[in-house]
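Summary of the model geometry
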Amino acid sequence: MLYLCAELKMEMEKFLTFIKDWMLPLAIVLGILSYLLLHFVPLLHASVEPCFSAFAKNTQPMFVATMLFLQFNRISPHDLKIKRWHFGLLAFQIITFAATAVLAAGLPEGEMKILAECAMLCFICPTAAAAGVITDKLGGSLSDTVTYVVMINVAATIFIPLAIPIVKDTADMGFIQYVLAIGGRIFPLLVLPLLLSWTIRYGWRKLQRKLMRYTHWAFYFWGISLCLSIYLATRATVLSGISVWTAIAIGVISLAACLLQFWFGHRIARRGGRSDSITAGQALGQKNSGFLIWVGYSFLTPVTSVAGGLYAIWQNLVNSMELFEQKKHPEKTASSGNF
């Protein structure tokens, strides 16, 4: 009996290790296949897909917020320090966003304008709230990632409302209304978990110490959130109704923006050492694709939301490659900024 229990425990540990090692590719494949199954099987498409899509849309932010709360329990306000490369990343996002926004504003309605709008969204989109999970696994700094997450979300809340009326002549909201709409999207996911974790840190120290025991659960909440995010991204792409060539063009634009930002993030912080290079690469390259989809669908040409779905796939493929390289050659990860 004891031998059987020991064998069972060993098998369970192997299974958990497998899940940890392959969480990201498993989540990508499961997210894509689950939507395709629900969409193309008539019986499931009629009865299951609408309910599950609503479930995914409503619960995915909750998993993200819970993951952030568990992560923020590890960080005190004193850990959030601005570094020089933070400003370099911020300048890169603002300049590339402004350039592509001006380009989009000067183009007539059509495919080229759509592609320019896709590019501008890919460049200004805030860092994914889950970026800290991958950054931590790769050996980067969680606190530096959170610092930049806060900075770029503030910047996006200001600069996106400035650009929308310029790019879209049909924009029917003023600057304040856009700021409130975007801020209302960001606040529950980012600010509330941060404030709650710090309130517990300074108000209920015993509870904070107990919660620290469950910090590793953030990884599993991230995995569930990622699977649902990929599911929703696949859904947005399939339901967009765009032509194959337009989808390919958006795919190329989003892939180029993804690779450029991972590369630039690694390069700009390489003098700070391996940890800074990893952190900056993830902070710039890993985007809140759900936010990108929402902004494109809500305020710009709805087809631009496809860029968010495809970017989610590209960035997670890059992350899979980085995690594989880190496991195979940990001493070389991010040393040259390559992936």
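Whatever comes next refers back to the structure up there.
Just so it is clear, the structure is predicted and the values come from calculations on it, not from any experiment.

Conventions and cut-offs
- Residues numbered from 1 in each chain as written.
- Predicted model: local features only at pLDDT ≥ 70, side-chain atom pairs only at ≥ 80, totals over all residues.
- Heavy atoms only, no water.
- Helix = DSSP H or I, 4+ residues; strand = E, 2+ residues; numbered from the N terminus.
- Buried < 20%, exposed > 50% of the residue type's maximum accessible area, 1.4 Å probe, protein only.
- Contact = heavy atoms within 4.5 Å.
- Areas by Shrake-Rupley, 256 points an atom, 1.4 Å probe, with all protein chains shown as cover.
- Patch = residues over 30% accessible without salt bridge, like charges linked within 9 Å, V, L, I, M, F, W, Y side chains within 5 Å.
- Salt bridge = Lys/Arg side-chain N within 4 Å of Asp/Glu carboxyl O.
- Lys, Arg positive; Asp, Glu negative; His and termini not counted.
- Charge placed at Lys NZ, Arg CZ, Asp CG, Glu CD.
- Core = buried A, V, L, I, M, F, W, Y, C linked by side-chain atoms within 4.5 Å.
- 1 Å grid on protein atoms, 1.4 Å probe; cavity = no way out; pocket = protein on both sides within 12 Å on 5 of 7 lines; lining within 4 Å.
- Points joined across faces, edges and corners; volume = space filled by probe spheres on them.
- Nonpolar A, V, L, I, M, F, W, Y, C, P; charged D, E, K, R; others polar.
- Disulfide = S-S within 2.5 Å.
- Axes fitted to C-alpha atoms, helices over the stretch in contact; angles between N-to-C directions.
- Parallel < 35°, antiparallel > 145°, perpendicular 65-115°, else oblique.
- Left-handed = near helix turned anticlockwise from the far one by under 90°.
- Phe/Tyr/Trp six-rings, centres within 6.5 Å; stacked < 30°, edge-to-face > 60°.

**Observations regarding the overall build of the protein chain**
Each helix and strand counted, the protein chain has 14 helices and zero strands in total. Put simply, the protein chain runs from its N terminus to its C terminus through helices and strands in the order α-α-α-α-α-α-α-α-α-α-α-α-α-α. Classification of the 339 residues of the protein chain by burial places 50% in the buried group. Counted over contacts in the protein chain with a minimum sequence separation of 6, partners at least 24 positions apart contribute 81%. Surface accessibility of the protein chain: about 16600 Å² in total, with carbon and sulfur atoms responsible for 71%.

**Section: a positive patch on the surface**
Together, Arg205, Lys206, Arg209, Lys210 and Arg213 make up a region of like positive charge exposed at the surface. Looking at the element boundaries, arginine 205 is found in helix H9 (residues 205-212).

**Here we look at the nonpolar core**
One finds Met67, Met120, Ile160, Trp222, Ile250 and Phe291 to be the most contacted residues of the largest nonpolar core, which totals 85 residues. By residue number, the principal contributor to this core is helix H7 (residues 142-167), which donates twelve residues. In this structure methionine 67 touches Ala129, Ala130, Val133, Ala218, Phe221 and Trp222, once residues within four positions along its chain are discounted.

**Let's talk about the side chain of glutamine 93**
Looking at the secondary structure, you find glutamine 93 in helix H4 (residues 84-106). Classification of glutamine 93 by relative accessible area gives buried; the value is 0%. Apart from the residues within four sequence positions on either side, glutamine 93 is in contact with Phe123, Ile124, Cys125, Tyr148, Ile152, Gln261, Leu284 and Lys287.

**Focus: the layout of surface pockets**
Using a probe with the size of a water molecule, rolled over the atoms, empty space left in the structure can be pinpointed. Taken as a whole, the largest pocket holds about 1000 Å³ of empty space. Every residue lining the largest pocket is counted, 37 residues in all, and those nearest its centre are Arg185, Leu232, Gly290, Ile293 and Trp294. Looking at the lining of the largest pocket, the elements that each hand over two or more residues are helix H3 (49-72), helix H8 (175-203), helix H10 (217-238), helix H13 (289-299) and helix H14 (305-328). The greatest single-element share of the lining of the largest pocket, amounting to eight residues, is contributed by H10. Looking at the lining of the largest pocket, its residues break down into 20 nonpolar, 13 polar and four charged.

**Concerning the state of the cysteines**
Evaluation of the coordinates by the stated rule reveals zero disulfides. Looking at the unpaired cysteine 122, the closest cysteine sulfur is the one in cysteine 118, lying at 6.6 Å.

**Overview of the packing of helix H5 (residues 111-124) against H7**
Contact pair H5 / H7: the axes reach a minimum separation of 10 Å and the direction vectors enclose 160 degrees. Classed by the angle they form, the pair H5 and H7 counts as roughly antiparallel. H7 is crossed by H5, and the crossing has right-handed handedness. Contact residues: H5 offers Lys113, Glu117, Met120 and Ile124, while H7 offers Ile152, Ala156, Ile160, Ala163 and Val167. Of the residues contributing to the contact of H5 with H7, the split by class is seven nonpolar, no polar and two charged.

**Some points on empty space enclosed by the protein**
Under the criterion given, the structure shown has two cavities of 30 Å³ or more. One number sums up the size of the largest cavity: a volume of about 90 Å³. Lining the largest cavity, in full, are Leu68, Thr127, Ala128, Ala129, Val149, Asn153, Arg185, Ile186, Leu189, Leu190, Asn288 and Phe291. Of the residues belonging to the lining of the largest cavity, the class tally is eight nonpolar, three polar and one charged. As for the second largest cavity, its lining consists of Leu68, Gln71, Phe72, Ala129, Gly132, Leu142, Thr145, Val146, Val149 and Leu190. At the level of elements, H3 and H7 are the ones that each hand at least two residues to the lining of the second largest cavity. In terms of residues, the lining of the second largest cavity owes the most to one element, H7, which gives four residues.

**So, the environment of leucine 190**
Along the chain, the position of leucine 190 falls in helix H8. A residue is classified by how much of its surface remains accessible, and leucine 190, at 9% relative accessible area, is buried.

**As for a nonpolar patch on the surface**
Taken together, Val154, Ile158, Leu162, Phe175, Ile176 and Leu180 make up a surface patch of nonpolar side chains, about 560 Å² in accessible area. Listing elements by their share of the nonpolar patch, those giving two or more residues are H7 and H8. Inspection of the secondary structure puts isoleucine 158 in helix H7. Judged by relative accessible area, which is 40%, isoleucine 158 ranks as partly exposed.

**Overview of the packing of aromatic side chains**
Under the definition given, this model contains six aromatic pairs. Consider the rings of phenylalanine 52 and tyrosine 231, whose centres lie 5.0 Å apart with planes at 80 degrees: the pair is edge-to-face. With phenylalanine 52 in helix H3 and tyrosine 231 in helix H10, this pair connects stretches of sequence that are 179 residues apart. Ring plane angle 40 degrees and centroid distance 6.0 Å describe the contact between phenylalanine 63 and phenylalanine 221, whose orientation is recorded as tilted.

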